[in-house]
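Notes for the structure review
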Amino acid sequence: HGYEDVYFDELLKTKPKGVRMHSLNAPGYAKRRHGLGTTNVDCTAVHTLGAMLGKFFPVQEGKDAYAKLSGLITEQLGVRGFSAERIALVFGSFWWQARLFKRPLAASSVKTVIAADSEEKALAFACRSLGIRFVELQHGVLNPLDPLCLPAIALRQASAQALLLPDALALYGNYWTERHAKTA
């Protein structure tokens, strides 16, 4: 009759007022998903609308920072293609998505949001601005060598706030805890 997410569905069974926020990022997801009595909120529109608003109503503040960052990425890392315009688009999308997430979160009594991965930066920022705890739940393999998994040394150069890290990283077992002992 469908499938369950072995991580989140079990967790949501213990939280009768829990809400699943998801994006349709796989073909057939909505058709095969069965209901567990959990409220489901599709956030695909937030991601899409945020990207469109970022393109058509870019964030004007900080234009100099986009150019400086583009130069640093090119010069210091040798990576081509990170133009100031591209950085402005990505930041604009993030900024608008965070604003869109803040509205329903502020109107709710939510105290904690548990996300599946580090890609939910706009949601994390919205939570942080509202004082909502943001927890990243290990969802599959989370390798310490993943580009989104920063080494602990990063915390000597920038604060967890500046890096937009989750308030907590929930891992499965001692193996993963040991693997991430030296990560931020």
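For the structure itself, look to the data block above.
What comes next is a walk through the structure. Predicted, not measured: the structure shown is a model, and the values here were computed from it.

Quick notes on the rules
- Along every chain, residues carry numbers that run from 1 in the direction the sequence is written.
- Reporting of local features is limited, given that this is a predicted model, to residues whose pLDDT is at least 70; pairs of side-chain atoms are given and counted only at 80 or more, and all residues count toward the totals for whole chains, interfaces and linings.
- Hydrogens and water molecules were not included; the side-chain quantities draw on all heavy atoms of the structure.
- To qualify as a helix, a DSSP run of H or I must reach at least 4 residues; to qualify as a strand, a run of E must reach at least 2; elements of each kind are numbered from the N terminus.
- With a 1.4 Å probe rolled over the protein chains alone, any residue whose accessible area is under 20% of its type maximum counts as buried; one over 50% counts as exposed, and the rest are partly exposed.
- It only takes one pair of heavy atoms within 4.5 Å for two residues to be counted as in contact.
- To measure how exposed things are, a 1.4 Å probe is used in the Shrake-Rupley method; for residues, cover is taken only from the protein chains shown.
- Strand pairing follows a simple DSSP-based rule, namely that at least 2 bridges must link the two strands.
- Axis angles are defined between N-to-C directions and span 0 to 180 degrees, where every axis is a line fitted to C-alpha atoms and, for a helix, only to the segment in contact.
- In this scheme Phe, Tyr and Trp rings, the latter by its six-membered ring, pair at centre separations within 6.5 Å, and the angle between planes marks the pair as stacked below 30 degrees, edge-to-face above 60, and tilted otherwise.
- Both a distance and an angle decide whether a charge sits over a ring: NZ of Lys or CZ of Arg must be within 6 Å of the ring centre and within 35 degrees of the ring normal.
- In what follows, roughly perpendicular refers to angles from 65 to 115 degrees, roughly parallel to angles under 35, roughly antiparallel to angles over 145, and oblique to any angle outside these ranges.
- By convention, the crossing between two helices is left-handed when the near helix turns anticlockwise from the far helix through less than a right angle, and right-handed when the turn is clockwise.
- Throughout, the ten residues Ala, Val, Leu, Ile, Met, Phe, Trp, Tyr, Cys and Pro are labelled nonpolar, Asp, Glu, Lys and Arg are labelled charged, and all others, Gly among them, are labelled polar.

Moving on to the overall build of the protein chain. Of the regular secondary structure elements, the protein chain holds nine helices and five strands. The order of α-helices and β-strands along the protein chain, N terminus first, is α-β-α-β-α-α-α-β-α-β-α-α-β-α. Out of the 184 residues belonging to the protein chain, those deemed buried represent 29%. Taking contacts inside the protein chain between residues at least 6 apart in sequence as the whole, the part at least 24 apart equals 57%. Accessible surface, the protein chain: about 12,300 Å² in total, of which carbon and sulfur atoms supply 59%.

It is worth spelling out the environment of leucine 89 at this point. Its location among the elements puts leucine 89 in helix 5 (residues 84-107). Taking C-alpha positions, leucine 89 is 5.9 Å from lysine 55, a pair spaced 34 residues apart along the chain. Those residues in contact with leucine 89, other than ones at most four positions away along the chain, are Gly54 and Lys55.

With respect to topology, three strands assemble into an open sheet ordered 3-4-5, the strand pairing being parallel. Whereas interior strands pair on both sides, the edge strands pair on one side only; in this sheet they are strand 3 (112-115) and strand 5 (168-170). Averaged over neighbouring strand pairs, the angle between their axes works out to 25° when direction is ignored. The pairing of strand 4 (residues 133-137) with strand 5 spans three bridges and is classified as parallel. Bridge assignment links leucine 137 to a residue of strand 5, and that residue is alanine 170.

It is worth spelling out the packing of aromatic side chains at this point. Throughout the structure, instances matching the rule amount to five aromatic pairs. Considering the side-chain rings of phenylalanine 91 and phenylalanine 94, the 5.8 Å spacing of their centres and the 40° angle between planes classify their relative orientation as tilted. Taken together, the residues phenylalanine 91 and phenylalanine 94, both in helix 5 and three residues apart, mark about one turn of the helix. An aromatic cluster of three or more residues is present, and its members are Tyr66, Phe91, Phe94 and Phe125. When the ring centre of phenylalanine 82 is taken as reference, the NZ or CZ atom of arginine 86 above it lies at 4.2 Å.

Further remarks concern the packing of helix 5 against helix 6 (residues 121-130). Viewed as axis vectors pointing N to C, helix 5 and helix 6 meet at an angle of 50°, and their least axial separation amounts to 8 Å. When the interaxial angle is binned, helix 5 and helix 6 end up oblique. Helix 5 and helix 6 meet at a crossing whose hand is right-handed. In this structure, helix 5 uses Phe94, Gln97, Ala98, Phe101, Lys102, Leu105 and Ala106 to contact helix 6, whose residues at the interface are Lys121, Ala122, Leu123, Phe125, Ala126, Cys127, Ser129 and Leu130.

All right, on to the packing of helix 3 (residues 44-56) against helix 5 then. At a minimum axis separation of 7 Å, helix 3 and helix 5 run at an interaxial angle of 130°. Relative to helix 5, helix 3 is oriented oblique. Handedness of the helix 3/helix 5 crossing: right-handed. When helix 3 is examined against helix 5, the residues Val46, His47, Leu49, Gly50, Ala51, Leu53, Gly54 and Lys55 are found in contact with a partner set consisting of Leu89, Gly92, Ser93, Trp96, Gln97, Leu100 and Phe101. Residue classes in the contact of helix 3 with helix 5 are distributed as eight nonpolar, six polar and one charged.

So far we have only geometry, and geometry alone does not tell us how the molecule works.
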